Each structure stands twice: as C-alpha cells, then as structure tokens.
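Reading the structure
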4 protein chains.
Amino acid sequence: MLEQLRDHAHTIVAKRHVGKLIAICRRLLSEPAEANSFAVARNVVREIEALDATSLPHFFDVLAKEFNPSPDDVLEAALRYKEDTNAQNLVHLMRVAEPQRQELFRRINRAPDGTRTLVRLRRRLLESKSDQRRWAAVEADLFHLFSSWFSPGFLEMRTVNWNSQAHVLEQVIQHEAVHAIDGWDDLRRRLQPDRRCFAFFHPQLAGTPLIFVEVALLAEMPSEIAPLLDKRAVVGAEKSFKVAVFYSISNCEPGLRGVSLGNFLIKRVAQALQDEMPQIKKFCTLSPIPTLRRWLVDAANGGDWFGMPTQMQRRCEAHVATLQNSFGDQLEGLGQAERVSALGKAEAASLSALAAAYLIYSARKENGDPVARFHLDNGARLERINVHANLAATGIKQSAGTMVNYLYDLDKVEDQRKSFVAGKVVFARGVVKDL
Amino acid sequence: MLEQLRDHAHTIVAKRHVGKLIAICRRLLSEPAEANSFAVARNVVREIEALDATSLPHFFDVLAKEFNPSPDDVLEAALRYKEDTNAQNLVHLMRVAEPQRQELFRRINRAPDGTRTLVRLRRRLLESKSDQRRWAAVEADLFHLFSSWFSPGFLEMRTVNWNSQAHVLEQVIQHEAVHAIDGWDDLRRRLQPDRRCFAFFHPQLAGTPLIFVEVALLAEMPSEIAPLLDKRAVVGAEKSFKVAVFYSISNCEPGLRGVSLGNFLIKRVAQALQDEMPQIKKFCTLSPIPTLRRWLVDAANGGDWFGMPTQMQRRCEAHVATLQNSFGDQLEGLGQAERVSALGKAEAASLSALAAAYLIYSARKENGDPVARFHLDNGARLERINVHANLAATGIKQSAGTMVNYLYDLDKVEDQRKSFVAGKVVFARGVVKDL
Amino acid sequence: MLEQLRDHAHTIVAKRHVGKLIAICRRLLSEPAEANSFAVARNVVREIEALDATSLPHFFDVLAKEFNPSPDDVLEAALRYKEDTNAQNLVHLMRVAEPQRQELFRRINRAPDGTRTLVRLRRRLLESKSDQRRWAAVEADLFHLFSSWFSPGFLEMRTVNWNSQAHVLEQVIQHEAVHAIDGWDDLRRRLQPDRRCFAFFHPQLAGTPLIFVEVALLAEMPSEIAPLLDKRAVVGAEKSFKVAVFYSISNCEPGLRGVSLGNFLIKRVAQALQDEMPQIKKFCTLSPIPTLRRWLVDAANGGDWFGMPTQMQRRCEAHVATLQNSFGDQLEGLGQAERVSALGKAEAASLSALAAAYLIYSARKENGDPVARFHLDNGARLERINVHANLAATGIKQSAGTMVNYLYDLDKVEDQRKSFVAGKVVFARGVVKDL
Amino acid sequence: MLEQLRDHAHTIVAKRHVGKLIAICRRLLSEPAEANSFAVARNVVREIEALDATSLPHFFDVLAKEFNPSPDDVLEAALRYKEDTNAQNLVHLMRVAEPQRQELFRRINRAPDGTRTLVRLRRRLLESKSDQRRWAAVEADLFHLFSSWFSPGFLEMRTVNWNSQAHVLEQVIQHEAVHAIDGWDDLRRRLQPDRRCFAFFHPQLAGTPLIFVEVALLAEMPSEIAPLLDKRAVVGAEKSFKVAVFYSISNCEPGLRGVSLGNFLIKRVAQALQDEMPQIKKFCTLSPIPTLRRWLVDAANGGDWFGMPTQMQRRCEAHVATLQNSFGDQLEGLGQAERVSALGKAEAASLSALAAAYLIYSARKENGDPVARFHLDNGARLERINVHANLAATGIKQSAGTMVNYLYDLDKVEDQRKSFVAGKVVFARGVVKDL
C-alpha cells in the first residue's frame, strides 16, 4: 500500500520533470533557425542527462506523441505535390513531413556534449525494458541523424597500441565482446608487432573509440583461435607475415546500433595494412558461427532446413544421424569440450559438412547466422570451415567448437557483394568438398 | 553556323558525360545502405569534379528532375498517416517523402573528399548564371544536409595568429571581405597582441577556415575605423584592454551560404576572450550600414519609410532637407569623402538621426539593412551611430561614411533576441537622443 | 680445468671485441671536429650495445687507461699559464687538460640513440660488481657531460595521467621506489583528480620519464601514509584542497644517478600547482626517515650522537631508556608493527623526540639521513614528526613507523637553503616541543 | 668637454650595473651544485638581457679576467697528476683546470630562456667592434658548451613548407643569405613541390630555425642559377625528379658561429630525400666561388699560386693573359655582367680552367675558397665548373659569374673526406679536362 503510494509520488515527480524538460525543448524549437540558442540547448542537455529511470519512459512517450508532423498538413502538401511536382511543392512537402523531433535533435547537437547526450539517449531507449515499439519513430529519427553524423567520411581511423592513452586502452579491455581481454597483460600481448588494433573515432566523442578490430599477422590462415589469444605466444617476425586475420571486432557504443561502422573499418584497415606491408596478400577472419549448435539441436528434432534442395537436406539428415551416434539423440555431447575435442574423423567431417550447408543456405535468410550475414554482405567469401577451432566455453556452447575463415579478396569484394545481394553465397571449392 | 554546330556537339558530349555520371549515382544508390560502396562513391566524386561549365547545368537538371519522391507513394503514405498516426505509418511516410537525392548526397559524403565536393557543388549551383529556380529542390537538399553536418557542435574554433600555418593566413588575406588586407605586413599588424582573429574549421575540410572574425582590443568603444586598420598603429598594452571590437567578419566558403556560422562564432569568441581577459567588460562591433546611402537617396525622392509613425517620418523628412542643403537635391555630395568629412555639426546630427531611424525601423523588415538584421537578430543592441567613421571608398559609397556600434551584452543577448524576434529593436538611450 | 679454459677463451674473445670497438672509437676521434662522422658514431653505438658482461669491464679498463691527458703536456701548459694567464694560454690549458674521452662521448652523442647508449653505459658501470674505483675518471666524465645535457632547461615537465601513453604509465608502475604500485588499478587511483603525478622528460629519451613525483591534494597536512595509498579511498573534491603533499619521488634512470633532477622537479611542480589552484597554500612532503631505526639501535648501544650538546645527548639517552623499557634492550620490538602500533603515550613522545634530535643533528653530516638532507638542502623546513605514520613492512623496518612532514614555503626556500648550507637546520616550533 | 663628462658618467653607471650583475653571478656560483637556484639564474638572465652597449664590454672584461682557474692550483694539480696518473688526480685536475665561467654558464642555462640568452651573448661578443682577443677565453667557453648543447643528436630536422608557421617562414625570408628572397610570393615559389626547404630546430629555441637549406628537384644537374630562382617557373612534375640540388644554405643564428650544423643538415636532408624518392640518384650543389674574382685580379698582378706545380702555374698564366685580352689588364671587365655574358668560347674555357685550378689548389689552404673548403671537407667531389652561371650583381662581383657543382655521392663521402683531410682534393674527370 505504502509502496504503491511511493511509486505514485515518484511518477508525479517524474512527469513534472519531463514536463519542464519538454517546455525547454519547445523553447529551443521556437527560436528561429539562425538563432544562437546555445544556452537553451545546453540546458536541454543538462536536463536530459538528469533524467532517471522513472522519468525516461515518460520523456520518450512525449517525444513520440508530440513533435510529429500534422496529418492534415502532410495530406494537403501531398495533394499539392501530386498536382504539380515542382520544386516549391516538394520543398514544402519535405518541410511539413519531417518530424519536428529531427530539428529538435539537430539543435541539441549544437550544445557542447550534445552528440554524446543524444547517443546516450538512444542507448537508453534501446536498453529500455518497456515496449519500445511505441517509440519507434523517436528511435528512427535518431538513427536517421546518426547515419548522417557518423558518416565514415567524418570518422578518423587510429591505430591503438601501447603508445595510446590509457583510457582508450581501458575501453578496449572493457568492450572486447568476442574474446574477452584478461587484464592489461593480455591486452599488451594483443598490441605487440604481430597483433594490431584499429579503431574509429569521431571528433565530437574524442577519446572514445566507437568500434575496434583486432588483427593477427601470421604466416598462414589459422584454423584455431587459442594460439592467437595465448598471452605467452612468441611474437612473430615481420618478414613471416603473409596473412592478416581479423579475429575480433567489437562495438563500444550501443547507442550507435545499426549505424554501419564495421564494414567500413575492415576495408580501411585492410587498405592500411596493404599499404604498410605489401607482402601481406591475404585478408581473412577467424569467426564463430554463434547460432550453429542451436540449429543442429533443432535439426536433430526436425528443424528448419532453410529451403535446401531435397537431396542436400537428405545428406544433412544423414550427417545429423552420424553426430547422434556420438553425441546422443539431443546432441547433448556437442556442448562439452572434452567430447568435441575427442571427435572421430567421420564425425568431424559430418560437423564440417553441416556447418557449411547451414551457412550457405541460412545466410540469405533474415534469421540466418548473423556473423555470416555480416561478412558475406560485406563481399567476403566463405573460405574454410574449421572443426575443433575454439573449445573455450562460449565457443563450445554457441558454435560447437567450430569456426569459419571468411576471406576478403580486395579485388573481388565488390562483385561478391553483388552476388550475395542477388541471392548467391560465394564460397571456396574446399567448402563444397566438405559437403 | 559552324559555331552552332560546335555548340551542338558540345552539348551532346556534355549530356553523355552527365548520363554516365548519373548511371554511377544510380549504382551508388542501389547498394543496400550498409554496403561499403567506397569505390563507387569515390568514382562519383571524381566525375563530379570533372564536370565542366557546359555539363554542370545538365547535371543539375537531371538531379532536379529525377531522384524526387513519387507523388503517388507520398499521397498514399499521407492518407495512411492521416488514418492512423502510429509510428510505423510515420516512419513509412518519412521514407517515401524524402528525395533520394539526400541519400545520394549522404553516400557521396562517405568518399574521401566527399564533403568538399558537395560544398563546391552547391557553390557552383549558387554561382550559376542560369535560372536557379528550377534547381531549388537540389539546393534545398544540400542546404538541409549542410545544416546538419556543419552543426556548431562539429566545428572547431581556432585562434589565427602569426604561429598559424601560412596557407591558412593566405586564405584570410584572400577572403577578408569587409576591410581588405593589403598583403602580409597588413595581416601581421592585425595579428599583434591587441588584435585577434578567430576562425571555425571543420574536420573534413582541414586547413580551410570556414569563417573568421577579426577583433580589436581597445581602451574604449571606437568611433572610427581608420585607426583600427592602420598598419603602423602602435600596439596597445594588455592592461589597457577594456573593450573587444568585432570589426570584420568574413565567410570563406560560398558553398555554405545560409548555413549559420557567424552568430555562433561571435558568441564563442566573446566567451573565449572573457575567459582569457576578465577585465574586458564590453563586446561590440564597428559595423557599416551598407544600404544607408541608397536609402537616403531614395528617401530624398520620397522613398520607403518602413512604416514609421507619421511624426517620425516628418522629422526624418526635415533631416533629409537639411542634408539636401549641403549635398544637393539628389544628395550627390554624400558620395564624396571630402564633402562628408567637411560636414557641419547640424548636418552631422541630421545624418546620425536618419541613420538611427533607418536602422530601427528597417531592421524588422526583410529588405532592411542586412548587417543590422544580422546583429540584432543575434541579440545585440544598437549602441551608437558614428558619423565620419569610415571615409574610405566603400565606406562612403555604401554607408555615407557612417558606422554603427552594436553591443553584445552577454547577459542580455538571449532576452534581446526575443525582443527582436517579437518585433522590437533594442537600442541605447544615446541613439534615441540622436533622433 | 675445462671451465678455466672456457673462461680463458671467453676473455680472449671479449678482449678482441673491445679492441675492435676501441679502434672505431679512435677513428671517430681522429675525424676533424667539423666532420660528419655519423656513420662511425652509429657504428660505435651499435658495438657498445653489443658488449656482454665479460667484455664490458675490459672496455671500461681501456676507456680509463687510455684517452687521458698527457701528464707532460698538462704540466707544460700549467707552467705556461702560471707564467702568463692570458686567454691563449688558458684555452691551450683547457684543451690539453680535458680527457679525450669527453670528446669521444660528445661524438657518440651525435648518433641516433647516442644519448640513450651513454646513459645505459653509465648505468652498467655503476651497477658493475667489479671495483669501480679504477673507472672513476670514466664515470666522472660521463657525469660531467650528463650534468650539462640534462640541464633542467632542456627537460620538459609533463603531467602523467590517465590520458598518458600506456608505456609511460607502465614505467611509472615499474619504477615507483617508495610506495610500490600494485598494478593498473592502484595506479589509476593515484591519477584521480585529488592525486597528481608529474615527470621530467628529455627530448632525446622521448617516452621515457627520467624522474616522477606523486602528489596528494588534501584538506590538511597528513600524519599517516596509509589513507593516501588506499586504492578505494573516496576521491576528494577540488574545493577542499588546501595542501599539496609530495608523498613519493622516484628516479627511473639509474644511469643518471647524482644528476640533480628531483629538487628542480619539486619546485616546478609546486609552481605549476599554485598557478592552477591558488587556494593551495601549503606544499609539504610525507617522508620516511629510512635510517632512523638503525640509528636508534646503535644509540641503544652507545652509538653516534652527531655532536649533540651534552645536555641534549643526556635527554636523548633518557628517551632511549624509555624505549628500551618497552621494546627490549636491543630495541628489537621497534621492528614489529603490532608493538609499534600499541605504543603508549610516553614511548611515542620519546620516539618523536629522538627522531627530531636525530634529524636536526645528523642532517648536517654526510652520513646523516639522506631524505632529510635532500629536502633540507632544497630549502624545506622540518615541520612535524609523525609517530605511527607507516606501519607497512618497509616503514617499520627502516623508520620504526615514523614519518616526517617537510614543508616547502616557496617564499622562504632560498633563505632556508642558505641557512642549511651555513650549517643551520630550520625547523618548526612544534618540533622543538617534541624535544 | 660636456660630452666627455657625459661619457664618463655613462661609464660609471655601466660599471655599477656590471658590478651588480657580477655579484649575482657569484651568488649563483656559490650555491652548492645540487641547489635549485632558479630564482638567481632567472635574475642573471634578466640582467644580462638588460646590458646596453656601454655596459657589455665591461661585463666581458670582468668575465674574462675573473672566473679563471688559479694558476697555482692548476700547477699543483698538474704536478700531482704527473707524479701519479690515477683517476683521483685526474678528476682533481679537471676540476681545478676548468674555468668557473663554464659552470656559471651551465647554471644560467637552467633558467627559462637561459640558452637563448647565452646564444645572444656570444652573438654580441662576436659582433662587438672592440678588440675581441682579450675575450677569447669567454668566447671559447661558450663555444665549448654550445658544441655540446647543440649536438646534432639534440636537434630536430623539420620540413619548412606552406603549412609551416608564418613566423618560421618570416625568419627564412629574413635570413636567406645566398639568394635573397623577394617577399612572400618568392618564398611561396621556393616551397612548391619541386623545391624543398629543411631546417634544424633546438627544443630550447622553439620556433627559431638555426640553419636551413633550400633544395631544387630537377631532371638534371643545373648549370645556371637563374631558372632555379625564377618566381614564375613552371612547377616540375615529381616523376621527372632525378637530381636534388642544394642551392642555398643559410645560418639564422650568428651566436652559433663555428658550431657544426650545415654538414649534418646536408647529410640528413640527402638521407630524407632518398628515403622519400628513391628515384633521386644524384645529390649536388650549385655553389658560388665567392673569392674567385679577387684571386683572378690578384693573379693578373702576379698573385698567390697556392703552391701549384710550375707547369700548371704556366698554363694558368696563359689563361690569365687570354682573359686580359678580353677584360683589360686589371680584368676590370670581369665585374660587368654584359661583358661576361658576351664571353667568347676561348675566354670561357680559360675562365673555367682557372676556376678549376684555383679550387683544386686553394682548397687545401686556410685562406682558400671557404665554400669549396666547406663542401670538400664534407666529402663532396668537385664535379663541374659552370661559366655564365650567375650574372646577378653578387654573382658577378664575387664569382665572375661562375658557379660550381659539388657532388655528394652518399656512398663515397666518408672516403672522400678522408682524402681531403689527407691533403687530396677529389674532382671529376670533366674538371681535369677543363684544365
């Protein structure tokens, strides 16, 4: 009873706070466009930063409900434009159809730290546990603006190494999402001359990497992840470098979700490395298949075959049966590192074949493997399946220990992208053989 | 005859070139948004840079005619949004109403030098002698994007001084539009400790100032421009500085016309100077009234009184008569430095009164004095009219030798802006007395 | 037997290596002074770096024996100078009296990394376990040159903080000699806004701090070290800062031993902090008395009284007796943290009095407490003795848990220095009371 | 009479000023070496800067007379060292033989701007019109220290171009001593991509180039200077660059006279250019022979033949006679550009032969051509004589219009230096043919 009352009081306070904030937002918008409304914008920034978990949903609600175009104005402008598609009518249409929210966000962006505040705002929106669908237009507006503001043309690529500022390195440690970095010593090994790290920075978010990629320079394309992550691994000599392996790519800023950064970063890094070391001829990844084990377990229960041709599906079913002999009907053994590492030759071949089939047929579907979709959409080729490649906890749990090399052939990425977009996955002959 | 044939051939070649360029633009647009279409974008940049004077209008024509939203799609989306203003319908509306041109420009902006190319493209559009009205939508799209990309939050303010790079100084010499800089010696004087220069830079246009302002630090508010521009003037001592005078502000980039930069720059500079030298209490300008002489001549012929109250108009007419005694019926003497400098007390008072009335009543009108409109809209106060303030050629010809001090009282600018927007010019008591 | 043979062979190889190196050194010296002997100098640098532990003493031997001035030439020049002290004779004298070694080192210094090599060379000399006396002239020459090259005018003071390069921070962790830094987390706490770290850098040894000092900003002069070193201590607010405490100063480069850096650093830091935060009025240290326990134990056995007046010595003997009641005849309890922390009031007063007497009387002697000598010679005042100030292992073992605040009163340091040089220790009235 | 009195009064004031300054110098010296005598040193710097033209000679006099080693101490130390050359005796000798002046200068150097003050002090000493011989020891001490402080290892080489700071460029304009720069436009041409400029900077004299060299990148070794200096010359394309020509080298700091900078700079520049553009195979100069005309005129009057073999001298005399036919007995025509430019083939050959003989035989002598001595001592080869190479005023007056290419063959400079030091000038076969 008391608690309910307290909640109720909270809500009232929160709504009042939001009401006040919205009033300042309106004031900011009411300034003629050329105005210098720094002071007001700074005020809005301060108030947004002060929103607590209770107030935030109210703020999003008001943002979503108000600041929208007027349906009548839009309809009238659309009719006029339909009647005569001249420039005046078009410009008028654009003006009335654009939500005022966008102009609001643009003006907030003029304040010091405005960009940072808006990126954080979108992060909080995306992280909110409430039903976000009702805020979809708010989210779309922020995304629309970020795509423009974080255009690769405005980003700076920097090498991250032992000469970098400690607070940048700290963020790399914190945000590495693929192969966790175990403290400063581990990081230090990953910044030795045979490992590289590159990140994108934005002038308005100085000192904060947006995304980074880790690269290993090796003599040949790797089939296992453990040697790459070994803190005590001997540092390779520059003259032995033949292959650059992108073994980890991590976003640091959840508020930029969906804004294309990774593909631009990979291409820029590949270019930079080729300029520095012409002897490096091959650029590839060593990537997980994070949805593989789940798919196999489903498949063992007659799951989704992603529209494979019947013959292919039959062969896959046979491979699943082989695995069931080893790992149990529910393939429960696939989740245990010892059992995967003890895998016989025939079972390994089956696992490899299934992974290949899964990647090739699922990658074209929205619910296919996300890592495969990212690289193939980027123009990479599916080069090789590696069984036993990662027996660490996550590797086993998600990918059944299997990893893939995606190959970036810089001369062909554009054509291969097009093939993928047109519905065709490009893969190496070796992968076919696996099938 | 031959010439006509040659022109015709030219046109055919130009159209072919544009046709090819448009094809690449379409290809760039056809890439899914996440694609890394660097290579294509770079290609587009190269081809745009290669457009000659014959091809350019064709390119603008195609840009203006194609890449527009479909009227039917827009109408259908507007109807759906009218029916139900949910987020999905809104997002859909925004998508179909936005010209594809904007997405095209955003993608061009991803290429190295993309921003520079687009800024130059708008400059060429604005400088074109053809009828620009038919390209209004193209121009509007570029302006819309630039307003976002050149947000003050993304600009860097830098001090320009004798430690600056020579190529930056060279651009300052070249673009000073108010009081021409007569070579490096003149510039050097303007960068001594009692003069300051500040400029905005954009990360993507490194090394190119976008706009700069020149400031004089003085013991009191100046009433004449010549001492400020004197190359051999003795450098003032820091302890004597009480007033900071913005005596010149110039844009360097015609392609950014209309994008608000100057007002933000002035405010940032005032803040920076106050932080550095707290003893400076007054920030003002010494500005021309570039439309004054023309208005006086018109007024002498019964011109525009900008809706003055009748009594005021009567007094102004009396002042005009006083001037006509001195300068002739057509006020032709107003355009001669010797005659203006020999002005008697009564005539000077009349000139001052007329300038004050003109500024106060015209500033609220679109066709009013542009400099006055800029500063008053910025929140400045009309502080003082100075007769005999600038007897140099342009000063006489445009402003009849008269100049104005606009005062920036940092604590009041916000309120004064509002007054101006609400239709009220704020001016000092001294100016009233002039009337 | 075999081992002897092997050693012998080693020696032969080493001597040959040194012989070759000395030949290149002679070649470097034989070039006329203006010559560009880069190639030769670089060669010498490479060979010196390649000297192993066996060769090094041979190299020092030859350096010490050869490259000396000729006694006959010196004598002859001295006689001529005695006869007539004109400039020519003086210049001649200087030329023949200076060991050629110095010119050799100056030329080595022209090579890239020459400075680094010579600093390392002196470090190895000082660390050598052989009898160094025979290399005293070599050592003196290097010291003489370093005093010139590492003149404070040539050093750059930089703030070390979380924005510093990781490899600089790593060296701070590694070289902190007073209060060991326990990993990156500990360091991070020491770089929060209420802690500061400043270091000297030399352009030729970029990226390598030479010496650094750690400062705590506090509300009052501290009497215990533990709260300053607590990793989890709450960060103090800037407005509470009244006192800056130099709580640790560490050299990073043993090859520069004896070159004055610390006193210059402390003065520069004090100046920088005062410029930044005028509210800080007090600069002091919290320093160990590393020789105190040893002296007390000696005193208990009738040791060195540093020429105290008889009355003072009597009182000290009484205090020692008081301590012996508590800690045993040999004062063995002074080395145990629990017993020191359980000290009664009377014993604490005795310990404090003895520490004061020891510092005041020993500081003027060469074998007195080195930390006291450093700060007093720097012009600091002996401000307060703190019993129970450091109960950590080293603190107990060396200083019997006692620490001192030395006060840097920037207006008085020059005068107090002079007093100290003249044989007078300046101390606060509170310290007298302790006695 | 009055004037004499005034001078006398001046002298008294000057001596008093110097007396006060010397007292502070003594105080600075009396501080124990480790002392932080910043305040005192800063004081000395201030007082030295304040010395006027009257006081300065007095200051030099006192510096030269006092601060010298004691002849008795030196003699005693020399005797002890003669008796036993052990390290202790040597260290003692060095201590008593070094003038205290050096320690004084080293301590002055610790103050901010100390280095700058001392460099300026030596400049004023060298520029003084008084008899400098009595200050030779002061001068030698400064030179000794500067040679150590301005070691090439401590200098930073930087490219000077249109991105450089204006105040650096201004100094280049001002100090260009060989081919005067006619304002900013001329400078701008000399910084285009086919011209380069490099300078040495010292960390303590930031922003002040010490010496700079100008380089032209050309397709072939040039025989005339005018095309290189032409402001309107078309900028050469990078792919055509085969030869790098050092066409001007100028010192900016007269206080560093005699300190070797130029030779180090040339070698570093050659290395940097070769690293950047491997297609450049040839490094040479286009240099004046500033003493040639004077020598020819002397020779026409039976002057100095620099120890040529008799046969060579005979041939030279014949060439002189040829020239006298054209230019008059006193060779007065050699000083007129029109007559030199109208030179017939035979006369040109004679002039060329004489220049070659002069350079080859004079370069080994102290009073030989200084430019030749600089480059040959640097290891360059005398590659080609160019008649009619510089018809500008100075070129005619000093070099009779003739210029030389000295060739820097980086692989051979070391050996050729040695040859030169050993008394042998290395020259190209073409030059022999001239003879």
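Residues numbered from 1 in each chain as written. Chains lettered and ligands numbered in written order. Predicted model: local features only at pLDDT ≥ 70, side-chain atom pairs only at ≥ 80, totals over all residues. Heavy atoms only, no water.

1. A word on the relation of the copies chain C and chain D
Both copies of the chain are tied together by a single rotation about an axis and a shift running along it. Aligned on chain D, chain C shows an RMSD of 0.1 Å; the corresponding rotation is 180° and the shift along the axis is 0.0 Å. The superposition of one copy onto the other is thereby described by a two-fold rotation axis. In this assembly the copies share their binding face: 98% of the residues contributing to the interface of chain C also contribute to that of chain D. (Least-squares fit on C-alpha atoms with pLDDT ≥ 70 in both. Contact = heavy atoms within 4.5 Å.)

2. Some points on unusual backbone geometry
Residue and element names in this part refer to chain A. For Ala400, which is not glycine, the phi dihedral falls at a positive 50°. Among the secondary structure elements, Ala400 is positioned in the loop between helix H18 (393-399) and strand S8 (403-408). For Ala400, a relative accessible area of 0% corresponds to the buried category. (Helix = DSSP H or I, 4+ residues; strand = E, 2+ residues; numbered from the N terminus. Buried < 20%, exposed > 50% of the residue type's maximum accessible area, 1.4 Å probe, protein only.)

3. Considerations on the relation of the copies chain A and chain C
Under the fitted operation, chain A is carried onto chain C by 0.1 Å of movement along the axis and a turn of 180°, and the coordinates agree to an RMSD of 0.1 Å. Most of the interface of chain A is mirrored in chain C, where 100% of its interface residues are also at the interface.

4. Thoughts on the pattern of salt bridges
Residue and element names in this part refer to chain A. By the definition in use, this model includes 107 salt bridges over all chains. Measuring nitrogen to oxygen at the nearest pair gives 3.7 Å for the salt bridge that ties Lys20 to Glu47. Taken together, the residues Lys20 in helix H1 (residues 2-30) and Glu47 in helix H2 (residues 38-49) connect sequence positions 27 residues apart. Its relative accessible area of 47% is what places Lys20 among the partly exposed residues. (Salt bridge = Lys/Arg side-chain N within 4 Å of Asp/Glu carboxyl O.)

5. Structural notes on the packing of aromatic side chains
Applying the stated criterion across every chain yields a total of 42 aromatic pairs over all chains. Considering the side-chain rings of C:Phe146 and C:Trp149, the 6.0 Å spacing of their centres and the 45° angle between planes classify their relative orientation as tilted. Pair noted here: C:Phe146 and C:Trp149 are both in helix H8 (residues 136-149), with a separation of 3 residues, about one helical turn. It is A:Arg26 that lies over the ring of A:Phe67; its NZ or CZ is 4.5 Å from the centre. Directly above the aromatic system of B:Phe201 lies the positively charged group of B:Arg158, at a separation of 3.9 Å from the ring centroid. (Phe/Tyr/Trp six-rings, centres within 6.5 Å; stacked < 30°, edge-to-face > 60°. Lys NZ or Arg CZ within 6 Å of the ring centre and 35° of its normal.)

6. Brief notes about the packing of helix H3 (residues 55-65) of chain D against helix H7 (residues 114-127) of chain D
All names here are of chain D. Contact geometry for H3 and H7: axes closest at 11 Å, N-to-C directions at 100°. The angle between H3 and H7 places the two elements in the roughly perpendicular class. When H3 is examined against H7, the residues Leu56, Phe59 and Phe60 are found in contact with a partner set consisting of Leu121, Arg124 and Leu125. Its residues placed into classes, the contact of H3 with H7 shows 5 nonpolar, no polar and 1 charged. (Axes fitted to C-alpha atoms, helices over the stretch in contact; angles between N-to-C directions. Parallel < 35°, antiparallel > 145°, perpendicular 65-115°, else oblique. Nonpolar A, V, L, I, M, F, W, Y, C, P; charged D, E, K, R; others polar.)

7. Topic: the interface of chain A and chain C
Contact residues are listed per partner, giving 10 residues for chain A and 10 residues for chain C. Of the roughly 950 Å² buried between chain A and chain C on both sides combined, carbon and sulfur atoms contribute 51%. The tally of links between chain A and chain C comes to 2 salt bridges. In this structure, A:Glu170 and C:Arg188 form a salt bridge, with 2.2 Å as the shortest nitrogen-oxygen distance. Where chain A touches chain C, the interface holds 14 residue pairs in polar contact (both at pLDDT 80 or more). Counting residues per element, the ones that place at least two in the side of chain A that touches chain C are helix H9 (166-175) and helix H10 (183-190) of chain A. Counting residues per element, the side of chain A that touches chain C draws most heavily on H9(A), which supplies 4 residues. Of the residues in the side of chain A that touches chain C, the class split is 4 nonpolar, 4 polar and 2 charged. (Buried area = accessible area lost by both parts, 1.4 Å probe. Polar contact = N/O pair within 3.5 Å; in protein donor to acceptor, adjacent residues only side chain to side chain.)

8. Side note on the arrangement of the chains
One finds no contact linking chain B with chain C; the least C-alpha distance across the pair is 14 Å. Regarding chain A and chain D, the two do not touch, and the least distance separating their C-alpha atoms is 14 Å.

9. Thoughts on the interface of chain C and chain D
Every contact between the two is made by 65 residues of chain C and, on the other side, 64 residues of chain D. Joining chain C to chain D, the criterion identifies 2 salt bridges. Of the charged contacts in the structure, one is a salt bridge between C:Lys82 and D:Asp72, with a shortest N-O distance of 2.5 Å. The interface formed by chain C and chain D holds 10 residue pairs in polar contact (both at pLDDT 80 or more) in total.

10. Notes on the nonpolar core
Note on soluble globular proteins: their nonpolar side chains tend to be buried together. Ranked by size, the top nonpolar core spans 107 residues in total, and within it A:Phe150 and A:Trp295 carry the most contacts. Ignoring any residue separated from it by four or fewer positions in sequence, one finds A:Phe150 in contact with A:Thr115, A:Val119, A:Leu155, A:His202, A:Leu205, A:Leu210, A:Leu256, A:Val259 and A:Leu261. (Core = buried A, V, L, I, M, F, W, Y, C linked by side-chain atoms within 4.5 Å.)

11. Quick word on the side chain of C:Asp369
Residue and element names in this part refer to chain C. Its place among the elements puts Asp369 in the loop between helix H16 (345-362) and helix H17 (370-377). Buried Asp369, no salt bridge; nearest opposite-charge side chain is Arg294, N-O distance 7.5 Å. Excluding residues within four positions of it along the chain, Asp369 makes contact with Pro288, Ile289, Pro290, Thr291, Tyr358, Leu359 and Ser362. (Lys, Arg positive; Asp, Glu negative; His and termini not counted.)

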